[in-house]
Amino acid sequence: MTNKKRLALLALVAVPSLLCTTPATTAAATDFSNQPNVAYIYNVANYNSNVANVIQLISNINNTTASFQTSLESALKAYNALNENEKQYVTNYATLSYHQQTRIAYRKLAAQIEEKLASVESTSVNYYQNVLETRDWYNTLNAAQKTYVSAQTQKILTSSILPNTSTDKVVNKIKLLNSSRTNFHKDVADARAELNALRKYSNISLPSGIEQLLLDAEQLVVKDKTVAKEVENAIKALSPKTSTAQDVQAVKTAFEALTPVQQQLVPNVWTLVDYVNGKYSLSKNGNGTKTPTLSDTAAEPGKTTEMTKSKNTYKAKINVADSEIDTERYVLTTKANMTVIIPPLETLLTEGSGVMDIQVTRNLNRINFQATLNKKPVKYEADMEIIIENIPSNSYIVRIDEFGERMPADYTIDGNRIYIQTTTSGTFQIVRN
């Protein structure tokens with residue numbers, strides 16, 4: 001009976017068609033009609049096993065345990081071994097991708113911890129304090145995050161360490177503090193850092209009066225910074241438009257009254273030097289803070305203003321004062337195909353405050369342009385522009401000097417427009433070729 005069963009089994013293996021007697025009538029069935037049915041069944045089983053293994057490896061990943069790195073690497077290796085058809089059946093691939101992003105974040109965190117530890121030399125008095133701070137940070141990490149910190153760094157952060165100082169050394173450093181030394185502030189900071197390092201290591205006791213010396217020194221540091229800040233602010237308040245020579249002298253006297261330690265805390269001292277050396281033309285109106293008389297009909301910065309007309313002359317006013325916006329330009333229009341652009345007041349080189357008068361007169365092909373402040377000609381660092389439209393082709397611009405001679409002028413041509421550029425008042429003429 002046994003032999004008959006074996007023969008029947010061999011017959012089935014030898015004739016695969018007996019396993020499936022239903023005729024292949026559909027297109028899908030036709031695609032597989034020439035493939036051995038036994039081999040096909042074997043491949044499906046093997047395919048499912050590979051995918052199931054990867055899915056399980058991904059499920060085993062825990063990003064808070066020390067095995068996170070190895071678990072992730074194993075899952076990645078198994079996933080990359082799949083073919084493209086198998087990969088699409090890994091239902092938790094999003095979890096694998098998430099863990100890869102987590103690994104990047106852990107590496108960055110570990111790099112930050114190692115950078116902090118390396119930021120202070122091992123011979124520095126602040127080294128001990130830095131190690132303790134880094135250790136506190138390291139201890140907030142979970143087991144998985146710690147595995148990305150180098151072994152050398154982990155050894156330092158998990159080993160016992162002593163401060164690079166002693167009680168006697170700290171006491172001597174405090175006794176030697178001298179407020180007249182240029183590095184006084186650094187000495188105070190170093191003494192405090194060493195004392196803090198010792199206290200974090202043990203409950204030390206300083207001799208009577210020593211810690212008070214350090215506290216007094218720290219109060220001097222605060223005072224130095226306060227008086228230096230006052231002089232710094234006084235220098236910032238200086239303005240060529242409003243400050244007088246007396247104002248500059250007052251700030252200079254205040255700076256000279258500082259100690260050398262305090263003087264080195266004033267960052268803008270070279271600005272004061274420029275004022276003292278006469279780099280700026282100062283106001284001569286006595287009190288630099290005097291409020292100037294301004295015009296109620298002045299042009300507004302950043303907006304277009306129509307100039308008033310009297311015969312062939314167009315006029316406009318611009319207020320010049322600290323209270324005015326000085327970062328916007330002025331656009332002044334006329335009914336004579338001319339537009340005047342005045343740059344922001346921050347580019348005005350002429351000192352003083354008050355009302356600037358802008359006047360442009362056109363007689364045939366001659367244009368006279370005037371810009372005055374308190375009846376004195378003004379000068380800008382940037383160009384003022386006079387835009388003239390409907391200019392005949394082949395025209396150009398010359399400047400007429402005080403003797404009536406023609407001089408070269410700065411201008412550009414755009415279609416039928418000419419843009420005259422000038423930093424001062426002047427007379428210009430349109431010349432045709």
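1. Some words on a negative patch on the surface
On the surface, Asp322, Asp326, Glu346 and Glu381 cluster together into a negatively charged patch. Considering the arrangement of structural elements, one finds Asp322 in the loop between strand S3 (313-320) and strand S4 (330-333). We classify Asp322 as exposed; its relative accessible area is 54%.

2. Concerning the pattern of salt bridges
Enumeration according to the criterion identifies 14 salt bridges in this entry. Linking Glu218 and Arg192 is a salt bridge whose minimum nitrogen-to-oxygen distance equals 2.8 Å. Taken together, the residues span a long stretch of sequence, with Glu218 in helix H12 (residues 210-237) and Arg192 in helix H11 (residues 184-201) at a distance of 26 residues. Look at Arg192 and you get buried, because its relative accessible area is 17%. Of the charged contacts in the structure, one is a salt bridge between Lys303 and Glu300, with a shortest N-O distance of 3.2 Å. Accessibility expressed as a relative area gives 44% for Glu300, which makes it partly exposed.

3. A short note on helix H10 (residues 167-175)
Buried within H10 are the following residues: Val170, Val171 and Ile174. With its buried residues spanning 100° around the axis, H10 presents them on a single face. Counted as exposed and oriented over 90 degrees from the buried face of H10: Asp168 and Lys175.

Analysis parameters
- Residues numbered from 1 in each chain as written.
- Predicted model: local features only at pLDDT ≥ 70, side-chain atom pairs only at ≥ 80, totals over all residues.
- Heavy atoms only, no water.
- Patch = residues over 30% accessible without salt bridge, like charges linked within 9 Å, V, L, I, M, F, W, Y side chains within 5 Å.
- Areas by Shrake-Rupley, 256 points an atom, 1.4 Å probe, with all protein chains shown as cover.
- Salt bridge = Lys/Arg side-chain N within 4 Å of Asp/Glu carboxyl O.
- Lys, Arg positive; Asp, Glu negative; His and termini not counted.
- Charge placed at Lys NZ, Arg CZ, Asp CG, Glu CD.
- Helix = DSSP H or I, 4+ residues; strand = E, 2+ residues; numbered from the N terminus.
- Buried < 20%, exposed > 50% of the residue type's maximum accessible area, 1.4 Å probe, protein only.
- Arc of directions from axis to C-beta.

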